[in-house]
Amino acid sequence: MSVTRCLILALTCGGLPLSAAAQAVSVTLDDGPMIDSTPLMTPTERNEAILRHLRDKGVQAMFFVTIKSGTDRPEGLALLKRLSDGGQLIANHTVTHPDFNAEGTSLEAFEHEVLGCDAVIRALPGYRKLFRFPFLREGAGEAKRDGIRAFLREQGYRIGYVSIDTSDWLVDQKLREALARHPNLDLTPWRQMYLAHVWDDAQAFDRLAKQLYGRGVMHVLLLHHRLLNALFLGDVIDMFRARGWTIVSPDDAFTDPAYQVAPMIPRLDGGVLETTAKALGVPLQPALAGLWPEHRVREEGDRLMVLP
Ligand SMILES: [Zn+2]
């Protein structure tokens, strides 16, 4: 099917009632479970804290697993099982997190990455056949783009697209740097900065969704399995709810027609709303004007790092 046709189907046959689609967001966490060491918490404590936030708030999230983060070792596999047994959803994010747009990453090697992760996660109760590209890079050049789409389709996989792409991983990196210098750091300003960043990004992508579809979509928020969310995931959920958003399961969010697309641009890099807009020739500005670019996240982190 041509892109135009795919996209037109999504745009015109969406048919979701506005009430079901307006200001709804689902939570996804990538790259875990991580067993590296960080300040404040052990890997098990971080995993349990993330699970506790979700359980306390009654939220089902989806974890896009990267095997090399730790699931290839017994202690990492135990953390993954805790998430799945705890009612969370589990999906595929490769074995080693390669960049599919890089020239050195062949289609064949990338297919092995998908299958290798699948072999580890497929017996888990929360398993879903959704695949998320590392760095949200879905292929540079038609051969790789179309090749991986055909492969995923043959395997019964759908793409686990992202609509709200934040730089939480960078806030986490800055926070860990700050904690290494000042173990007794006041976490309050970091929490405030993180929430402001997520909120501004969510608003920006919601504007773009409304520009594309004339309605709110059921969003898919990209966060990561890191210390930052072990500390503040509950606050992120509370913030969305306090501002009138509904938290939905990723299973529900992925039924939104905004994720049934196949943008035919030659180099795919970024969230699905951006790539769809590019495929349709819809400008990203002014919708994304409030988005925090990475340099802003870095500057805010640096500013907090030198606070007394
Ligand atoms: Zn990732």
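Preceding this section is the structure that the text describes.
Predicted, not measured: the structure shown is a model, and the values here were computed from it.

1. What to know about the overall build of the protein chain
Within the protein chain, the regular secondary structure consists of 12 helices and 10 strands. For 308 residues, the compact-globule estimate of 2.2 N^0.38 gives 19 Å, and the C-alpha radius of gyration of the protein chain, at 19 Å, lies within 12% of that figure. Overall size of the protein chain, expressed as C-alpha extent along the three principal axes, is 55 × 40 × 35 Å. When each of the 308 residues of the protein chain is scored for burial, the buried share is 44%. The contacts of the protein chain with a sequence gap of at least 6 include a subset with a gap of at least 24, amounting to 85%.

2. Notes on the pairing of strand 3 (residues 89-92)
Covered by surrounding structure in strand 3 are Leu89 and Ala91 together with Ile90 and Asn92, the residues of both alternating faces. Bridge count for strand 2 (residues 62-65) against strand 3 is 4 bridges, and the pairing is parallel. Within the sheet, the bridge partner assigned to Phe64 lies in strand 3 and is Ala91. One crossover worth recording links strand 3 to the parallel strand 4 (residues 127-131) by way of helix 5 (residues 107-121), and it is right-handed.

3. A look at the packing of helix 3 (residues 43-57) against helix 9 (residues 227-242)
Where helix 3 meets helix 9, the closest approach of the two axes is 7 Å, and the angle between their N-to-C directions is 10 degrees. Taken together, the axis directions place helix 3 and helix 9 in an arrangement best described as roughly parallel. Between helix 3 and helix 9, the contacting residues are Arg46, Ala49, Ile50, His53, Asp56 and Lys57 on the first element and Leu227, Asn229, Ala230, Leu233, Gly234 and Ile237 on the second. Residue composition of the contact of helix 3 with helix 9, by class: 6 nonpolar, 3 polar and 3 charged.

4. Here's the deal with the nonpolar core
Within the largest apolar cluster, 78 residues are counted, with the highest numbers of intra-cluster contacts made by Ala61, Phe63, Val65, Ile90, Ile164, Leu208 and Ala209. A total of 10 residues in this core trace back to one element, the largest contributor, which is helix 8 (residues 188-213). Sequence-distant contacts of Ala209, that is, excluding residues within four places in its chain, are made with Ser163, Gly216, Val217, Ala258 and Leu273.

5. Quick notes on the packing of helix 8 against helix 11 (residues 272-280)
Contact geometry of helix 8 with helix 11 gives a least axis separation of 10 Å together with a crossing angle of 40 degrees. In this structure, helix 8 crosses over helix 11, and the sense of that crossing is left-handed. Listed contacts from helix 11 to Phe205, Leu208, Ala209 and Leu212 of helix 8 are Leu273, Thr276 and Ala277. A class-by-class count of the residues in the contact of helix 8 with helix 11 yields 6 nonpolar, 1 polar and no charged.

6. Quick notes on unusual backbone geometry
Residue Pro33 follows Gly32 across a cis peptide bond; omega there is -15 degrees. You can see Pro33 is positioned in the loop between strand 1 (24-30) and helix 3. Geometrically, the link from Gln285 to Pro286 is a cis peptide bond, its omega value of 10 degrees lying close to zero. Among the secondary structure elements, Pro286 is positioned in the loop between helix 11 and helix 12 (294-305). For His97, which is not glycine, the phi dihedral falls at a positive 60 degrees. Of note, His97 is situated in the loop between strand 3 and helix 5. Judged by C-beta crowding, with 16 C-beta atoms within 10 Å, His97 ranks as partly exposed. With a phi angle near 60 degrees, Phe135 is a residue other than glycine that sits in the positive phi range. Examined against the element boundaries, Phe135 turns out to sit in the loop between strand 4 and strand 5 (137-140).

7. Describing helix 7 (residues 168-181)
Across its 14 residues, helix 7 extends 20 Å between first and last C-alpha, which sits within 8% of the 20 Å expected from 1.5 Å per residue. Residues Asp168, Leu170, Val171, Asp172, Lys174, Leu175 and Ala178 constitute the buried set of helix 7. If you follow the buried residues of helix 7, they end up packed against helix 8, strand 8 (218-224), helix 9 and helix 12.

8. A closer look at helix 4 (residues 74-85)
Taking 1.5 Å of rise per residue, the 12 residues of helix 4 would be expected to cover 16 Å, and the 16 Å separating its terminal C-alpha atoms lies within 8% of that figure. Listing the buried residues of helix 4 in full gives Gly76, Leu79, Leu80 and Leu83. Around the axis of helix 4, the buried residues are gathered within 95 degrees of arc, so they sit on the same side. For helix 4, the exposed residues lying more than 90 degrees away from the buried face are Pro74, Glu75 and Asp85. Phi turns positive, to about 90 degrees, at Gly87, one or two residues after helix 4.

What counts and what doesn't
Residues numbered from 1 in each chain as written. Predicted model: local features only at pLDDT ≥ 70, side-chain atom pairs only at ≥ 80, totals over all residues. Helix = DSSP H or I, 4+ residues; strand = E, 2+ residues; numbered from the N terminus. Rg over C-alpha atoms; globule rule 2.2 N^0.38 Å. Buried ≥ 20, exposed ≤ 12 C-beta atoms within 10 Å, placed from the backbone. Contact = placed C-beta atoms within 7 Å. Pairing = 2+ DSSP bridges. Right-handed = clockwise from strand over helix to strand, strands pointing away. Axes fitted to C-alpha atoms, helices over the stretch in contact; angles between N-to-C directions. Parallel < 35°, antiparallel > 145°, perpendicular 65-115°, else oblique. Nonpolar A, V, L, I, M, F, W, Y, C, P; charged D, E, K, R; others polar. Core = buried A, V, L, I, M, F, W, Y, C linked by C-beta atoms within 7 Å. Left-handed = near helix turned anticlockwise from the far one by under 90°. Expected span 1.5 Å × (residues − 1). Arc of directions from axis to C-beta.

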